[in-house]
Amino acid sequence: MTTAHQQHALPSYLNPEDLGPWGVYLQQIDRVTPHLGSLSRWVETLKRPKRILTVDVPIERDDGSIAHYEGYRVQHNMSRGPGKGGVRFHQDVTLSEVMALSAWMTVKNAAVNVPYGGAKGGIRVDPKTLSRGELQRLTRRYTSEISLIIGPNKDIPAPDVNTNEQVMAWMMDSYAMIEGNLSTGVVTGKPISLGGSLGRREATGRGVFVVGREAAVKRGVAIEGARVAIQGFGNVGGVAATMFADAGAKVVAVQDHTGTVVHQGGLDIARLHHHVAECGSVTGFPGAEAFLDRDAFWDIETEILIPAALEQQITADNAQRIRTKIILEGANGPTTPEADDILTDKDVLIVPDVLANAGGVTVSYFEWVQDFSSFFWSEDEINARLTRIMQEAFNAVWSVSQEKKVTLRTATFILACTRVLQAREVRGLYP
Ligand code: GLU
């Protein structure tokens, strides 16, 4: 018989003193467990990734030297369908982070009810230090190393931080060369010319906007004239900024990895996009009233705050300073459980990552369906379906949160983990 201690023992490679983002995820699971009824018998399944692959990714640098990078692909859960989730290239990628991100994909995919499990990949590399050729070799070698476990019916990668349509095209091509046949559905977020979907690039930011609109109604905030601050101006924050500005909100602050630009009357977002395209960052934007350092961003008073960069940005250290009504988590894992509690006590409505940023994977699902049927939909149809799914998911989560008197995060976890564990239970254990 196993003891309770053995039951919950974590894999030995994780430092029990500091589990990083994976530890945050485990705390979130502990919070949902009392709400799972008889399904809680299966909850341990959510605390262990199904499969973890660590790979060495060697490339020849342009100067002739050989460099090695550490890569991962983690398949957290596949009870509801094949693994699904992005690939991140970042110098701070760790196994704990990729494990947490894969688990959040499981929850996210179940929350919007797309037929996928959860997976995630990453390479510990700063892609800004690589030439285009080096980046291509890195991507191809990584794809080859993980080709053992990915596939259109097994596990489907997509873009994430610092990966894009070009990287997906290289992944698709490498997989086709290895397999000896072309299956476009092996990755999503591809260029349109290779079976990508209209609306995919904007989908995550659009989804953030759609749930933001719903949350604003519940919270009695008018989007027109609302002050919005956004951390991150990439594929998520940049699109959300445009959509909120177009809807009449005032985007008063945008922060990227170099600093914060502020304009109380609302930044000109179209001009800011041009500036970033030319100069590589928001710093120096002539349309700003003020430039602040990174930390001062958290003192800006707003109605809506959108963390759309990396994990663990809102912590017990800065949560007390935040003055806003609604937080829309465009990033994955931006708020720690301690900060969650502080902000909930301050009556801030947090729309959690696993709901707020699910628009990306929702349109990835549309892309995968289109690839299989070789029949492509119009952008209007894609956006209409995306909006409907996000609204329905938000309202289902809202009802659970009202009924059970829990935060939107716990409510999303209740809905999603119930779906995952029901599938787990009805499938039963093999053999
Ligand atoms: N990387 C995105 C996310 O975190 C999208 C994943 C996908 O489309 O598979 O949700």
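Before going into details, it helps to say that this report is about the structure given with it. (Residues numbered from 1 in each chain as written. Predicted model: local features only at pLDDT ≥ 70, side-chain atom pairs only at ≥ 80, totals over all residues. Heavy atoms only, no water.)

Brief notes about the overall build of the chain
Formally: For helices the rule is a DSSP run of H or I covering at least 4 residues; for strands it is a run of E covering at least 2, with both sets numbered from the N terminus onward. In this description the radius of gyration comes from C-alpha coordinates, and the expected globular size is given by 2.2 Å times residues to the power 0.38. Burial status follows relative accessibility: with a 1.4 Å probe on protein chains alone, a residue under 20% of its type maximum counts as buried, one over 50% as exposed, and anything between as partly exposed. Throughout, a residue-residue contact means that at least one pair of heavy atoms, one from each residue, lies within 4.5 Å. For accessible areas, the Shrake-Rupley method is used with a probe of radius 1.4 Å. Any residue's cover is judged against the shown protein chains and nothing else. By the counting rule applied here, Lys and Arg register as positive and Asp and Glu as negative, while His and the ends of each chain are not counted. Throughout, a charge is located at the NZ atom of Lys, the CZ atom of Arg, the CG atom of Asp or the CD atom of Glu.
Regarding its fold elements, the chain presents 13 helices and 13 strands. Its C-alpha atoms give the chain a radius of gyration of 21 Å, within 12% of the compact-globule value 22 Å for 431 residues. By residue count, 58% of the 431 residues in the chain fall in the buried class. Long-range pairs, those at least 24 residues apart, make up 68% of the contacts in the chain with a sequence separation of at least 6. When the accessible surface of the chain is totalled, it reaches about 17,700 Å², and 50% of it is carbon and sulfur. When the 43 basic and 49 acidic side-chain charges of the chain are each reduced to a single mean position, those positions are 6 Å apart.

Brief notes about the layout of surface pockets
Under the convention used in this document: For each structure, a 1 Å grid was placed over the protein atoms alone; sets of points admitting a 1.4 Å probe that cannot get out are labelled cavities, open sets with protein on both sides within 12 Å along at least five of seven lines are labelled pockets, and lining residues have an atom within 4 Å of a point. Grid points are joined across faces, edges and corners, and a volume is the space filled by probe spheres set on the points. Ten residue types, Ala, Val, Leu, Ile, Met, Phe, Trp, Tyr, Cys and Pro, are classed as nonpolar, four, Asp, Glu, Lys and Arg, as charged, and the remainder, Gly among them, as polar.
Here the second largest pocket is characterised by a volume of approximately 380 Å³. At the level of elements, β2 (66–77) and α13 (408–427) are the ones that each hand at least two residues to the lining of the second largest pocket. Residue composition of the lining of the second largest pocket, by class: five nonpolar, seven polar and six charged.

So, the site of the ligand
Short version of the rule: When at least one non-hydrogen atom of a residue lies within 4 Å of a molecule or strand, that residue is treated as near it. Between N or O atoms, a polar contact is any pair within 3.5 Å; within protein, one atom must be a potential hydrogen donor and the other a potential acceptor, and residues adjacent in sequence are included only when both atoms are from side chains.
Around the ligand, a shell composed of 14 residues is seen, among which Lys84, Lys108, Pro159, Asp160 and Ser364 lie nearest. Contact distances for the ligand include 2.8 Å between an oxygen atom and a side-chain N or O atom of Lys84. Between the ligand and Asn332, the relevant distance is 3.1 Å, taken from an oxygen atom to a side-chain nitrogen or oxygen of the residue. When the ligand sits alone it has 290 Å² of accessible area, and the protein chains cover 95% of it. Of the residues forming the shell around the ligand, the biggest block, three residues, is contributed by helix α11 (residues 359–373).

Things to note about empty space enclosed by the protein
Evaluation of the coordinates by the stated rule reveals one cavity of 30 Å³ or more. Counted as a void, the largest cavity has a volume near 40 Å³. Lining the largest cavity, in full, are Phe297, Trp298, Ile300, Thr302, Leu305, Ile322, Arg323 and Thr324. A class-by-class count of the residues in the lining of the largest cavity yields five nonpolar, two polar and one charged.

A closer look at the pairing of strand β11 (residues 304–307)
The condition is simple: In this analysis, strands are considered paired if DSSP registers two or more bridges between them.
Of the two faces of β11, the one carrying Ile304 and Ile306 and the one carrying Leu305 and Pro307 are both buried. In this structure, strand β7 (residues 227–231) lies alongside β11, joined through four bridges in parallel fashion. When the sheet's bridge partners are listed, Gln231 is paired in β11 with Pro307.

Comments concerning helix α7 (residues 237–246)
An α-helical segment advances 3.6 residues per turn. Residues three or four places apart therefore align on the same side. Within α7, seven of the 10 residues are buried, which leaves the element mostly enclosed by the surrounding structure. When α7 is considered as a whole, its buried residues turn out to be Gly237, Gly238, Val239, Ala240, Ala241, Met243 and Phe244. Summarising the contacts, the buried residues of α7 are in contact with α6 (200–219), β7, β8 (250–256), α8 (269–279), β11 and β12 (326–328). Once α7 ends, the next one or two residues include Gly248, with phi positive near 100°.

A few points about the sheet that holds strand β4 (residues 87–90)
Here is the rule: Fitting a line to C-alpha atoms yields each axis, with helices limited to the stretch in contact; the angle taken between N-to-C directions then spans 0 to 180 degrees.
Pairing in this open sheet of four strands is mixed, and the strands run β1-β2-β5-β4 from one edge to the other. Each edge of the sheet is formed by a strand with only one pairing partner; in this case those strands are β1 (51–60) and β4. If you compare each strand with its neighbour and ignore which way they point, the axes differ by 20° on average. Sheet topology note: the β2/strand β5 (residues 118–124) ladder contains six bridges and is antiparallel.

Details of the pairing of β4
Going by this rule: Place the viewer so that the strands point away; then a crossover is right-handed whenever the path from the first strand over the helix to the second strand goes clockwise.
Of the two faces of β4, the one lined by Val87 and Phe89 and the one lined by Arg88 and His90 are each fully buried. As paired strands, β4 and β5 are joined by four bridges and run parallel to one another. Across the sheet, His90 pairs through a bridge with Arg124, a residue of β5. The parallel pair β4 and β5, bridged by helix α3 (residues 95–111), forms a crossover whose chirality is right-handed.

Digging into the environment of Val420
Inspection of the secondary structure assignment puts Val420 in helix α13. The exposure class of Val420 is buried, given its relative accessible area of 2%. Considering only alpha carbons, one finds Val420 and Thr106, 314 residues apart in sequence, at a separation of 7.9 Å. Filtering out sequence-adjacent residues up to four positions away, Val420 remains in contact with Leu46, Asn77, Ser79, Arg80, Thr106 and Ala110.

Thoughts on helix α5 (residues 165–179)
Note the cut-off: By this rule, a helix spans an expected 1.5 Å times one less than how many residues it contains.
Over its 15 residues, α5 extends 21 Å from the first C-alpha to the last, a length consistent with the 21 Å expected when each residue adds 1.5 Å. For α5, the full list of buried residues reads Val167, Met168, Ala169, Trp170, Met171, Met172, Ser174, Tyr175 and Ala176. Contact partners of the buried residues in α5: β4 and α4 (132–146). Residue Asn164 occupies the N-cap position of α5, its side-chain oxygen lying 3.1 Å from the main-chain nitrogen of Gln166. Among the residues trailing α5, Gly180 stands out with phi positive, at a value near 80°.

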